[in-house]
Each structure stands twice: as C-alpha cells, then as structure tokens.
Amino acid sequence: MKIKVLGPGCANCVNLERVTREAVATMGLDAQIEKVTDFAAIVGYGVMRTPALVVDEKVVLSGRVPTAAAVRELLESLAS
Amino acid sequence: MSVAERLRARTPTRRWVGLGVAAAGWFAAYELNRPLWDWLLFDVVGLDPESRLGSGVHFFCYDSVKIALLLVGIIFVVTVLRSFMSVERTRALLGGKREGVGNVMAAGLGVITPFCSCSAVPAFIGFVAAGVPLGVTMSFLISSPLINEVAIALLFGMFGIGPTLMYVGAGLTIAIIAGLVLGRLKVERWVEPFVFETRLGGQLIDSTLGLSWDDRIQIGIEEVGTILRKIWPYLLVGIGLGAAIHGWAPEDFFTSYAGASNPFAVLIAVLIGIPLYSNAAGIMPLVQALHDKGLPMGTLLAFMMAVVALSLPELILLRRVLRPQLIATFVGVVGAGIIAVGYLFNAVIGT
C-alpha cells in the first residue's frame with residue numbers, strides 16, 4: 001500500500017501525517033508513507049483543501065484532520 | 001478514544017436530546033457568567049469594583065469565559081452549517097462566471113465556504129486552472145479570511161448587531177471591489193507560469209458528500225477543539241492586554257494619540273495591523289478595551305480587518321504562486337479598501 005500525505009507543511013498536514021503513521025503502526029500495515037509538498041503535484045490530484053490523504057494514487061480524504069481511529073477504519077476498508 | 005468519538009451519539013433520539021441539553025447548558029452558562037464573577041470577586045474575595053485591580057481582574061475573568069462560550073457556540077454552529085458547502089462546489093459555481101457577477105458571488109461564497117488560509121495556494125491554483133477569472137478568484141481569497149466567523153461571533157457578543165453588519169458589509173464591499181480592480185489591472189503576467197500549466201488530474205472528491213448528521217456534528221465538535229487549541233494563547237494575551245488597558249491605562253491616553261482628532265489614526269492603525277499576525281480572537285478583547293477608552297469604531301474595525309485579512313505568513317505562502325509585484329498590488333488594493341472603510345465609518349458614526 002502506498003500512502004501519500006498532501007500538504008505544504010502547515011500544522012494540519014503534520015497532524016494528518018502523525019495520525020496516519022499512528023493508524024498504520026497499530027494496524028501493522030505494510031505501507032510506505034510519503035509527503036507531497038509541491039503545490040503543482042497537490043493540485044494535480046484535484047485537491048484544493050489541504051491536508052489530503054492519497055492511497056494508491058486515489059484521493060480518499062481532503063480538507064480535514066480525522067482521528068487516528070477514523071484513518072484506521074478508512075485504511076481497513078481499502079486494504080480488504 | 002477522542003472526546004469527539006465518545007460524544008458520538010448512537011441513535012437519532014440521543015443525538016437530538018444531547019444537542020438540546022448542550023444548547024441549554026450553553027445558555028445557562030452564558031447567563032450565569034456575570035452574576036457568578038460579581039459574586040465571587042466582589043462579595044467573596046472582597047475586591048472593590050471601582051478599583052483598578054478589581055475592574056481589571058473582573059474584566060479578565062468575565063471576558064475569558066464569555067469569549068470562550070461565544071467561540072464554542074458559534075464555531076460549532078458555523079462548522080455544521082458550512083459542512084453543506086465545499087470549495088469544490090464553490091469552484092463549480094464560479095466556473096464560467098464573468099467579472100462583476102462573478103466577483104459578487106465569489107465574495108459571498110468566501111463567507112460561507114469552509115476554508116482555511118493554509119489552503120489558499122492549492123485553491124488559487126485549482127480555481128485558475130478551472131478557468132475562474134483571476135479577479136474573481138481574488139475576491140474569494142480576500143473575503144474568506146476577511147469575513148471571519150470568529151470575528152462575527154465576538155463583534156456580535158461585544159457590540160451588538162449594528163457593528164457586526166457594518167463589518168460584514170464592509171468586508172464584502174472590499175472583497176468585491178479589490179477583486180474587480182485586480183482583474184482590470186491584468187495582473188496575469190505576475191502569476192507564476194506553472195499555475196496556468198497545471199492540469200487538474202484525478203477525480204474530484206467532494207469531501208462533504210455522503211455526510212450524515214452525526215458526521216456533521218462530529219466535524220463541528222472536532223473543529224471547536226482544533227480552533228480553541230490553536231487560538232487560546234492569542235486569546236489569553238489579548239484578554240490580558242485588554243484587562244490591563246481597561247484597568248490601568250489613563251482615560252485619555254489612547255484618545256489623545258489615536259482619537260477622532262487625529263486624521264492619520266486609521267492609516268497608522270492599518271499599517272500596524274498588516275504585518276501583525278494574530279487572529280480575530282486575540283484582537284477583539286483589545287478592540288473592546290480600546291473602544292471603552294473612547295477610540296472610534298471605524299479605526300478599530302480597520303485595525304482588526306488589517307490584522308485578519310493581511311498577514312505576513314499568508315503572503316509568504318502566496319509568494320509560491322504570485323510574483324512580488326502582484327503581492328504588493330494585492331496588499332495595496334486591500335489595504336486601501338480597509339483604510340477607506342475606516343474613514344467612512346468614522347465619518348458616519350463617529351465613536
């Protein structure tokens with residue numbers, strides 16, 4: 001699973017990366033987490049509200065920081 | 001489990017009953033705030049309401065609680081209502097609109113669309129790449145931070161409906177006119193070229209689709225937590241300064257420098273406000289204390305608008321997509337609008 005956290009580095013983006021890492025760690029998921037900070041690349045995904053979460057090149061969440069549990073739920077539904 | 005998750009209702013009845021109880025508790029706390037501090041500070045502790053210490057401490061305690069309550073209430077309600085709107089939908093509404101009508105719509109949508117200035121750059125690229133005219137995009141980007149729900153909540157709580165409507169009306173006017181002016185100036189040449197080359201890829205996800213009432217309420221609770229965590233230091237410093245001014249500053253100290261008699265007061269207030277980075281929550285207690293000391297409302301509103309609409313960190317972010325010439329023009333046009341509004345209000349309503 002390839003996970004990308006889109007965001008220029010604002011507080012919300014850091015938070016999203018943290019909860020995502022938390023979720024991946026508790027699930028014991030084999031996933032690569034990458035940060036995307038380039039604006040052209042971010043908008044290339046069709047995202048206009050940062051932060052956003054991209055899993056396997058698909059935008060699954062944008063514009064808010066969910067809880068680690070919500071991210072886990074999201075990743076579980078995608079992993080199965 | 002987070003607070004928001006624990007508060008999540010399991011059944012519709014429990015959800016609406018929970019909301020009702022929360023609303024009743026909120027109103028009770030709001031009503032009891034003043035009598036509680038009157039009793040605690042003046043009767044129990046025995047402070048003198050007429051003394052500097054007494055009025056300063058009372059102002060600090062009463063105001064902190066009142067502002068916290070107003071913020072929790074208004075942020076929650078606004079966030080739940082805004083969850084029906086999204087930047088994606090706003091862009092779709094603005095696509096293909098001509099200047100003029102487009103600017104008016106963009107300014108209005110800037111108020112109701114959930115948006116944080118940290119998303120200003122991707123939204124700017126997204127709008128321009130989708131064919132929204134530059135001036136119309138600017139109207140949106142100006143009105144969104146300028147007309148701020150936190151400021152509306154606090155203005156209404158401290159000064160009533162009149163100044164609140166003035167503030168919203170002035171903000172909309174500035175956003176519309178500044179967007180029109182920037183559109184006329186043909187500033188496209190000062191936008192970084194990669195913006196026009198960006199192709200929108202991927203499927204657009206509308207983050208508000210398929211939300212249930214429970215989701216919206218949970219988003220509201222989360223947002224209250226996020227905003228309060230972010231602004232409480234500003235708030236405490238603002239209220240502390242406000243209390244100090246309230247209790248200690250000599251009565252004519254501010255009016256003699258920045259009162260109605262000084263024709264440069266608005267100009268200076270705006271010039272000080274532009275580089276200052278705070279938010280409405282930190283500024284409003286100060287505005288209230290200064291207003292009590294006799295400073296005119298126009299000067300204070302102009303100061304607050306300059307602080308919230310133009311900030312150094314946001315301008316530095318915008319530098320990624322805009323050339324310095326355009327940033328300077330942007331600051332100049334918006335700053336001039338705020339100054340004009342300040343003088344207009346001072347002339348019309350005085351103090």
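Residues numbered from 1 in each chain as written. Chains lettered and ligands numbered in written order. Predicted model: local features only at pLDDT ≥ 70, side-chain atom pairs only at ≥ 80, totals over all residues.

**Student:** Would you mind showing me how to read the overall build of chain B here?
**Tutor:** Scanning chain B from terminus to terminus reveals 17 helices and 0 strands. Relative to its length of 351 residues, chain B is compact, with a C-alpha radius of gyration of 22 Å against a globular reference of 20 Å. Buried residues in chain B amount to 43% of all 351 residues. For chain B, restricting intrachain contacts to residue pairs at least 6 apart in sequence, the fraction spanning at least 24 positions comes to 87%. (Helix = DSSP H or I, 4+ residues; strand = E, 2+ residues; numbered from the N terminus. Rg over C-alpha atoms; globule rule 2.2 N^0.38 Å. Buried ≥ 20, exposed ≤ 12 C-beta atoms within 10 Å, placed from the backbone. Contact = placed C-beta atoms within 7 Å.)

**Student:** Looking at this structure, I do not really get the packing of helix α14 (residues 280-292) of chain B against helix α15 (residues 297-309) of chain B. What am I missing?
**Tutor:** Between two packed helices, both the angle of their axes relative to each other and the distance between the axes serve to describe the pair. Residues and elements named next belong to chain B. Here α14 crosses α15 at 165 degrees, and the two axes come no closer than 10 Å. Judged on the interaxial angle alone, α15 and α14 are roughly antiparallel. Regarding α14 and α15, the two cross each other, and that crossing is right-handed. Contacts from Ala280, Ile283, Val287, Leu290 and His291 in α14 reach Met297, Leu300, Met304, Val307 and Val308 in α15. Across the contact of α14 with α15, the residue classes tally to 9 nonpolar, 1 polar and no charged. (Axes fitted to C-alpha atoms, helices over the stretch in contact; angles between N-to-C directions. Parallel < 35°, antiparallel > 145°, perpendicular 65-115°, else oblique. Left-handed = near helix turned anticlockwise from the far one by under 90°. Nonpolar A, V, L, I, M, F, W, Y, C, P; charged D, E, K, R; others polar.)

**Student:** Got a minute to help me understand the confidence of the model for chain A in this structure?
**Tutor:** A low pLDDT score tells you not to read the predicted coordinates there in detail. Scored by pLDDT, chain A comes out at a mean of 83, with 99% of its residues at no less than 70. Averaged pLDDT values for the elements of chain A fall to 81 in helix α3 (residues 68-79) of chain A and rise to 89 in strand β1 (residues 2-6) of chain A. (pLDDT = per-residue confidence, 0-100.)

**Student:** How should the sheet that holds strand β4 (residues 58-62) of chain A be read in this particular structure?
**Tutor:** Sheet strands line up and pair through hydrogen bonds in the backbone, either parallel or antiparallel. Residue and element names in this part refer to chain A. Taken together, the 4 strands give an open sheet; going across it, the order is β2-β1-β3-β4, and neighbouring strands pair in mixed fashion. Sheet topology places β2 (32-36) and β4 at the edges, where each strand pairs with a single neighbour. Across the sheet, the mean angle separating the axes of adjacent strands is 25 degrees when strand polarity is ignored. Alignment of β1 against strand β3 (residues 52-55), held across 4 bridges, turns out to be antiparallel. Looking at the pairing, Val5 lines up with Leu53 of β3. Along the sheet face, helix α1 (residues 11-27) touches β1, β2 and β3 and points at about 160 degrees away from the line of β1. (Pairing = 2+ DSSP bridges.)

**Student:** Please clarify how helix α7 (residues 134-146) of chain B should be interpreted in this entry.
**Tutor:** For an α-helix the count is 3.6 residues per turn, leaving residues at separations of three or four pointing the same way. Over its 13 residues, α7 of chain B extends 18 Å from the first C-alpha to the last, a length consistent with the 18 Å expected when each residue adds 1.5 Å. The buried count for α7 of chain B comes to 13 of 13 residues, which makes it a mostly enclosed element. (Expected span 1.5 Å × (residues − 1).)

**Student:** What's the story with the interface of chain A and chain B in this structure? I'm lost.
**Tutor:** Many authors give the size of an interface as the accessible area that is lost as the parts come together. The interface of chain A with chain B comprises 20 residues on the first partner and 25 residues on the second. Mapped onto the side of chain A that touches chain B, the elements with two or more residues apiece are α2 (39-44) and β4 of chain A. Taken together, the residues of the side of chain A that touches chain B break down into 11 nonpolar, 7 polar and 2 charged.

**Student:** What exactly am I supposed to notice about the domain arrangement of chain B here?
**Tutor:** Residues and elements named next belong to chain B. What the domain assignment reports for chain B is domain 1 (12-82 + 214-244) and domain 2 (91-203 + 249-351). The C-alpha centroid of domain 2 is placed 27 Å from the C-alpha centroid of domain 1. With 17 residues of domain 1 at the interface, the matching set in domain 2 holds 17 residues. Among the secondary structure elements, those contributing two or more residues to the side of domain 1 that touches domain 2 are α3 (52-82) and α11 (213-248). Per-element tally for the side of domain 1 that touches domain 2: the top contributor is α3, with 9 residues. Each residue belonging to the side of domain 1 that touches domain 2 can be placed in one class, and the counts come to 12 nonpolar, 2 polar and 3 charged. (Domains from an automatic or database assignment.)

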